Structures are given as structure tokens and as C-alpha cells.
Amino acid sequence: MSKRKIYKAISRTAIIIIVVVIVIAAIAGGLAAYYSSSKPTPTSTTTSSLTSVTTPSTTSTLSSSSTTTTASSNVVDFINPWGAEDPVGLKWIGGNFSIYYPGYSVQFTSLPGASGVEERYVVINDIEAGKLQGIFWAHGGPEVLSYVELLPNPHDLYNMTPLLAQEGLFQKGVTEALMAISYNGTIFGAPTNVHRAEELYFNPQILKKYNLPIPTNLSLLIYDTQQLEAHGINPWAMSGAEGGYEQLHLWFAIFLSVAAQYYGAAGAAKLSNELMYGVLNLNNVTVQKIINETDNVFLQFVGQNAVIPSWQSQSIWSALALVIKGQTVFEAGGNWLAEYAAIWYNTTTYPATQPYLNWSNITLMAMPFPGTQGIYVIDMDSVAIPTVNNPQEQAAINFAKFWTSYEGQKVWTYYKGVSVWANATDYYSTPMQWYDYQALLNTPAQNFTWAFADGTLFDDVFYFLIAQELNLQEQGSSYIPTFNAALFKAENMTFHEWQIAAKDGFGFVGQRGNPFGNYLPPWVNPSTYAYNSSYTPSFLLTPPHYLLPYLKKLGQQQTINKVGNVNYYIINGINLLPYPLLVLLMIYLDQTRYKPLVNSFINKINFFSNIFLYKFLTLNSDLYLGV
């Protein structure tokens, strides 16, 4: 049974006005959204868009977007987004797995799209259809809780913690990396690599040509952008093919940079972690200044004269090619760009440090996004294993064990990211990876935060926000208030998703005594680590006044957003109850033995109650609909 929870709220004034029969209908609509939330429809995928990978033990031509159940439990099916990105790495990891575990093999179903923008839909669809088997890719961040909450039981995803402990990773691994994928001590995804996000990739040749400085801070980056535009060059490479994913990376990188100007590296990381938990105080005047400045700098970087004209059709990889060729100069992302440059463009990425700054033949350099030096924005890939109706479970466990082992990490992270092991040597294919690995080992705990666009967000919030980023880029400054309202909505959605996770016992990132980023969300008692179910951020109960018209506008938008060619339900019904009451009611019903009966009843009345509410709200369009 699906547990996807996406909510909407309404102002207290409206609650007083609405008659009892409407409230009853709202309860039904809200509970129906909780128990019977709509299922995303996966993108139809043709054979030509998938990747065939040959390993020494098996040859698999992938022709379906769903997992293929194999006859033998010694063959594990792996759903992933890496076929086009790193076919070499998949071939190596599959072949070596069969060597280390004779008789076992892996076949790959590789779906296109950076950050798993297509793969996530398939996983969600398969979970809700009850047919997910084998093993699948997921970010190790809070995103993985999306799948935990979708499953009938939270532990229907394999708990990797004992496995990783047995392999010695807690003794010899990077502590903060392991905390980044732990939820009150439980790890649902075995780590395959560590990425560093929020970096700036640039072509130093073009900067030298126009005698422009390497942008070590945000002011210099703005200056370089303006000067390049004055010379008739589009400074920024940007991708539109992933539905706003790269735009969200750039926006968040600017946010961290601006926040660091006010609070320093550790303070900016803390603000980011508050954002991750849905508790960033959007009523705070300084926070509002940071967000508004971020919005305006973002639009300066992606304006008509700054970004490449063909950005709508560009993927992050094709945009990178333009940087390497010198047709544009800057691209924001993470060290997955160094991987792709090496594999596909035979280009080595160098850190913007000595001695490389004096070299004259480098076409691709990278650095932490200007102004974010000292902050480690982590992005970890992992593999997760369903434990229900999975005849491949043991083969999947063996595959995860190999991939996470030092030997498996050395094979896989030669190109991709860096190792989670703390004792790795410099076997990496690019100097940039070794630079990022050293930073991983030496960054203080309080300076870590998760990549907002890669793993921080629950899936529903992710798809909602990347669509809003596209709107911001396309509509410009007039859309800033609506985008800021959307950010408020995203924080609200995120907070309530976390409350469900907390009720299940996974209410914070890290483990007791060692929370990720040295930060605990405010619903966790720092002494006992008990969950305070009565906590609700005041700014969610009383939204910023200037956002109210735009929150109403968002509340009245269509309930279906199109991401690519996939229909994804962003809003499920309308709740006319205050959030704390609604969440408590849902938690109670989730625990009662009568849940199947309640669910059946709600399914029957949901259709009629939603029609009734729709008609009522249409006739009373002046009501403020919160998010």
C-alpha cells in the first residue's frame, strides 16, 4: 500500500468559514491522498534509448524499462541510470563481480536521464505494482526514504548497516560519508561512490584570452559573466533536457555562496541542512535576503545573453562539450562532470590550484563553487535491495557487498566520484578526483551538507522544484515571488515527509551521538533522541505575508505537472485541516488494525468528495489555499 504523503493546508480563517460538511469531505480527501496517492506513470522507453552491456558471464540486451526476472537467483537485475553515462564502469563492475563471486552475474537495465530522472519513475511504479526485484540505484540521501515510505513496511528495503559493519566500513570508511546515508543508524543503500556537488567547471583558456580572473568568489564570477557577455560570448552552459535539474544545482550553489557571506562556511552548511529538513525559517529577514539575492544572481547567470541559446535541448553532458570546446565558459555541477569528460571527451579535469594554474594546455578546470570553499556538498550514489518477493535477494546482497568493498570501489571510482573508504590511494583517473577526496577526508563535520538537487529531496518535492526552476529561468524576475512561494511549499512538503519518516524511526540523518553535519532537526531531542511529534515550525503555520497571493496562485494551479513526457501528481487532493491534526490522525490510522477497512472506505468516497471540494473552492476562489 502506498504511503506517499503530499499535503495542502488552508488558513485558519477559511477553516472557520467552511461548514461542517465540507470539513468532513476534506478529511476524506486528505486521507485518500495519504492512502491512495496517485502513481507516477513511467516514461515509455524504446530499445534504442537503453544500453546493452556485455560482461564476461552474461550478455543482456535491454528492451524494457521494467526489471526482467531471471530464472536463476544467481543472476541479479540492476535498474540504474548509468548506461549512457558510464558503460565502461558498469562493464568493469559486472565482470569483476563475477570473478569475486563465481557463478553469480548481473544484468543491467539502464535508463536515461541525469540524477535518475527517468529511473526514479520506474522504481516508484514497480514498488507500487509490487513487482520490484533484484537491486536498484538510489541516492543515499533522504531521497531513499521516498521508497521506504512507499513500501508496505519500512524494512521492506534491506538494512545495509550490519553488512557494512561486517565489511569493516565503519572502522575504515569516511565517517561523515557513512553518516550522510544513515537514518537514525539505519542504512538503506550500500554506498557505491561519493560525489562532491556544487562545483564550477570552466575553460581557463577563454578566461586567459580575455584577461579575466579565475572566479574565486561570487563577485568575480559575476564580473567574469558580465565581461564575457560584453565580448559577445554566452558565458554559461546550461541543460534543459533534465527538466530543471541543472538549474536547481546552480540555484543551490549560489544560495550556499550567498549564505556563506552572511554566516561563514559552517553557518551556510547549517542553513542548507535546515533546508534539507524543511525547517529553514523563511520568515527570517536575513534568510529572505539570501533567497532574493540568490534568485537575482541566478537569473543573471541564466539570462538570455548569458546562457547558450540552445539550452532547452542540451543535456548536462552535451553542455559540457561546449565548455571543453571553448564555445562557452562555465557550467555548475559536481565531479560527475569530470567523469564524463574523461570517458566521452578524453579530457582531464584539473583542480584550479597550483601547479595546474600555470599550465597552458588545460581546457577544463574545476573548483568548489565560488564562495563555498570549505563546505563539502556531498552526493552519494547507492544501491538498494527490496526484501519482499525478491528471489534475487542473495545475489543482490553479494553484488552490494562486492561493490562496497575496497576492491569494488577501486574498480568503480577510477572514473566516478571518489571512494567511501578512508584509506584509498590515488588511483583516480583525474587530478580533480584526488583533490575532492582529500577534501572529503579533511572537511570538518559541521561543514558537510547534502546536494539539494541530488539526494536531499523526496522524489515528489524534487520533481516539483525542478519544474519551478525552469519556470524561473523562462519567465525571469516577474516569477521570483511565485518561485519563492514554491520554495515555501517545498519546505512544507519536505517537513511533513520527514514527520512520517520520524514516526517510522528514521527521523534524522546520521546516528545517535553523530548526526550528519553535526545538526539535529528540531523534532529530535538532542539528549534522548526521542521524536517530538508536536513540533511544527512557526513559519509553516504563519507563512510570510508577502507570499500569500503567490501561495494562493500555486494552490489553484493544475494538480498535474508534466515533467518531460511523464505525468506526475504534485498535489493529491485538498486538506482543510491544520497540519498537526491531520498528521496525528494519519499516524493513528496507520497504526490501527482497521487500516485496510479505513482505506477501502476512503477509496470509495474519495472521487465524490474531491468533486464536491473542487466545486466548492471554485465558487469560493478568494479562500487562501496554503501549501
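Residues numbered from 1 in each chain as written. Predicted model: local features only at pLDDT ≥ 70, side-chain atom pairs only at ≥ 80, totals over all residues. Heavy atoms only, no water.

Undergrad: Can you walk me through the overall build of the protein in this structure?
TA: Along its length, the protein carries 24 helices and 18 strands. Burial analysis of the protein (627 residues in total) assigns 63% to the buried set. Surface exposure of the protein reaches about 21,900 Å², of which carbon and sulfur atoms provide 53%. (Helix = DSSP H or I, 4+ residues; strand = E, 2+ residues; numbered from the N terminus. Buried < 20%, exposed > 50% of the residue type's maximum accessible area, 1.4 Å probe, protein only. Areas by Shrake-Rupley, 256 points an atom, 1.4 Å probe, with all protein chains shown as cover.)

Undergrad: When you look at the confidence of the model for the protein in this model, what are you seeing that I'm missing?
TA: Looking at the protein, the pLDDT average stands at 81 and 77% of residues meet or exceed 70. Segment residues 558–595: pLDDT under 50, and 100 contacts once partners within four positions in sequence are set aside and those in other chains are kept. Here residues 598–627 scores under 50 on pLDDT; set against residues more than four positions off or in separate chains, the count is 61 contacts. (pLDDT = per-residue confidence, 0-100. Contact = heavy atoms within 4.5 Å.)

Undergrad: Honestly, helix H20 (residues 480–503) in this entry has me stumped. Any pointers?
TA: An α-helix turns once every 3.6 residues. As a result, residues three or four positions apart point the same way. A rise of 1.5 Å per residue sets the reference length of H20, with its 24 residues, at 34 Å; its end C-alpha atoms lie 35 Å apart and thus fit the reference within 8%. With 22 of 24 residues buried, H20 lies mostly within the body of the structure. Just downstream of H20, Gly 505 is the residue with a positive phi angle, here 100°. (Expected span 1.5 Å × (residues − 1).)

Undergrad: Hey, could you run me through empty space enclosed by the protein in this one?
TA: Rolled over the atoms, a probe with the dimensions of a water molecule shows which regions are left empty. Applying the stated criterion across every chain, the model contains three cavities of 30 Å³ or more. Computed from the structure, the largest cavity encloses a volume of approximately 140 Å³. Along the wall of the largest cavity there are 16 residues; nearest its centre are Glu 85, Ser 115, Tyr 245, Lys 416 and Asp 454. Broken down by secondary-structure element, the contributors of at least two residues to the lining of the largest cavity are strand S5 (135–139), helix H13 (316–325) and strand S13 (376–384). Each residue belonging to the lining of the largest cavity can be placed in one class, and the counts come to eight nonpolar, three polar and five charged. The computed volume of the second largest cavity comes to approximately 60 Å³. Lining the second largest cavity are Leu 282, Gln 288, Ile 291, Asn 292, Asn 484, Pro 544, Tyr 546 and Leu 547. Considering every element that reaches the lining of the second largest cavity, the biggest residue donor is helix H12 (residues 285–301), with three residues. Considered class by class, the residues forming the lining of the second largest cavity number five nonpolar, three polar and no charged. (1 Å grid on protein atoms, 1.4 Å probe; cavity = no way out; pocket = protein on both sides within 12 Å on 5 of 7 lines; lining within 4 Å. Points joined across faces, edges and corners; volume = space filled by probe spheres on them. Nonpolar A, V, L, I, M, F, W, Y, C, P; charged D, E, K, R; others polar.)

Undergrad: Help me understand the packing of aromatic side chains, please; the structure alone is not making it clear to me.
TA: How two aromatic rings sit relative to each other is given by the distance of their centres and the angle of their planes. With the rule as written, the count across this model stands at 52 aromatic pairs. With a centroid separation of 5.6 Å and an interplanar angle of 40°, the aromatic rings of Phe 97 and Tyr 101 are classed as tilted. Residue classification places Phe 97 among the buried residues on the basis of a relative accessible area of 0%. Here the aromatic rings of Tyr 100 and Phe 402 are separated by 5.0 Å at their centres, their planes lie at 35°, and the arrangement is tilted. On the criterion of sequence distance, the pair formed by Tyr 100 in helix H3 (residues 87–100) and Phe 402 in helix H15 (residues 393–404) is long-range, its members being 302 residues apart. Residue Phe 402 is classed as buried on the basis of its relative accessible area of 2%. The lysine or arginine in question, Arg 120, covers the ring of Phe 462, its NZ or CZ lying 3.9 Å from the ring centre. Residue placement shows Lys 489 over the ring face of Phe 464; its charged tip is 5.3 Å from the ring centre. (Phe/Tyr/Trp six-rings, centres within 6.5 Å; stacked < 30°, edge-to-face > 60°. Lys NZ or Arg CZ within 6 Å of the ring centre and 35° of its normal.)

Undergrad: Would you mind going over the packing of helix H4 (residues 119–129) against helix H5 (residues 143–150) with me for this structure?
TA: Two packed helices can be described by the angle between their axes and the distance between those axes. The N-to-C vectors of H4 and H5 enclose an angle of 20°; their axes lie 10 Å apart at closest approach. Taken together, the axes of H4 and H5 are roughly parallel relative to one another. With respect to the hand of their crossing, H4 and H5 are arranged in right-handed fashion. Of the residues in H5, those in contact with Arg 120, Val 123, Ile 124, Ile 127 and Glu 128 of H4 are Glu 143, Tyr 147 and Leu 150. Split by residue class, the contact of H4 with H5 holds five nonpolar, no polar and three charged. (Axes fitted to C-alpha atoms, helices over the stretch in contact; angles between N-to-C directions. Parallel < 35°, antiparallel > 145°, perpendicular 65-115°, else oblique. Left-handed = near helix turned anticlockwise from the far one by under 90°.)

Undergrad: When you look at the pairing of strand S3 (residues 75–80) in this model, what are you seeing that I'm missing?
TA: When you tally the buried positions in S3, you get six out of six residues, the bulk of the element. In S3, alternate side chains face the same way, and those of Val 75, Asp 77 and Ile 79 on one face and Val 76, Phe 78 and Asn 80 on the other are all buried. Summarising the sheet, S3 and strand S4 (residues 105–110) pair through six bridges and their orientation is parallel. What sits directly across from Asp 77, in S4, is Gln 107. (Pairing = 2+ DSSP bridges.)

Undergrad: I would appreciate a short explanation of H5 in the present structure.
TA: Most of H5 is tucked away: eight of the eight residues are buried. For H5, every residue scored as buried is listed here: Glu 143, Val 144, Leu 145, Ser 146, Tyr 147, Val 148, Glu 149 and Leu 150. Of the surrounding elements, those touching the buried residues of H5 are H4, S5, strand S6 (182–183), helix H18 (452–456), helix H19 (459–475) and H20.

Undergrad: Where do I start with unusual backbone geometry in this structure?
TA: For residues that are not glycine, phi is negative in most cases, and the peptide bond is trans in most cases. A cis amide bond, omega 5°, links Gln 354 with the succeeding residue Pro 355. When you line up the elements, Pro 355 lands in the loop between strand S11 (350–351) and strand S12 (365–368). Although it is not a glycine, Glu 198 adopts a positive phi angle of roughly 55°. Of note, Glu 198 is situated in the loop between strand S8 (190–196) and strand S9 (199–202). Since its relative accessible area comes to 2%, Glu 198 is described here as buried. In this structure, Asn 346 is a non-glycine residue whose phi angle is positive, near 50°. Note that Asn 346 resides in the loop between helix H14 (336–345) and S11. By relative accessible area, which is 73% here, Asn 346 ends up exposed.

Undergrad: Explain the environment of Ser 115 here, please?
TA: Relative to the helices and strands, Ser 115 resides in the loop between S4 and H4. On the accessibility criterion, Ser 115 (10% relative accessible area) is buried. Apart from residues no more than four positions distant in its own chain, Ser 115 is found in contact with Arg 120, Trp 137, His 139, Tyr 245, Ala 453, Asp 454 and Phe 462.

Undergrad: Before we go on, may I ask you to explain the sheet that holds S12 in this structure?
TA: Each strand in a sheet pairs with another by means of backbone hydrogen bonds, the pair being arranged parallel or else antiparallel. Taking strand neighbours across the sheet as the criterion, the four strands line up as S10-S9-S12-S11 in an open arrangement whose pairing is mixed. Of all strands in the sheet, those bounded by a partner on one side alone are strand S10 (330–333) and S11. Note: S9 against S10, four bridges, orientation antiparallel. Note that in S10 the partner of Leu 200 across the bridge is Ala 332.

Undergrad: Is there a simple way to explain the pattern of salt bridges in this structure?
TA: For the structure on display, the rule yields seven salt bridges. For Lys 131, the salt bridge identified is with Asp 126, shortest N-O distance 3.7 Å. For Asp 126, a relative accessible area of 2% puts it in the buried group. Across the salt bridge formed by Glu 339 and Lys 416, the nearest N and O atoms sit 3.3 Å from each other. One end of the pair, Glu 339, is in helix H14; the other, Lys 416, is in the loop between helix H16 (406–412) and helix H17 (431–442), and 77 residues separate them in sequence. Overall, Glu 339 belongs to the buried group, its relative accessible area being 0%. The exposure class of Lys 416 is buried, given its relative accessible area of 1%. It is possible to trace a salt-bridge network through shared partners that takes in Arg 120, Glu 143 and Asp 459. (Salt bridge = Lys/Arg side-chain N within 4 Å of Asp/Glu carboxyl O.)

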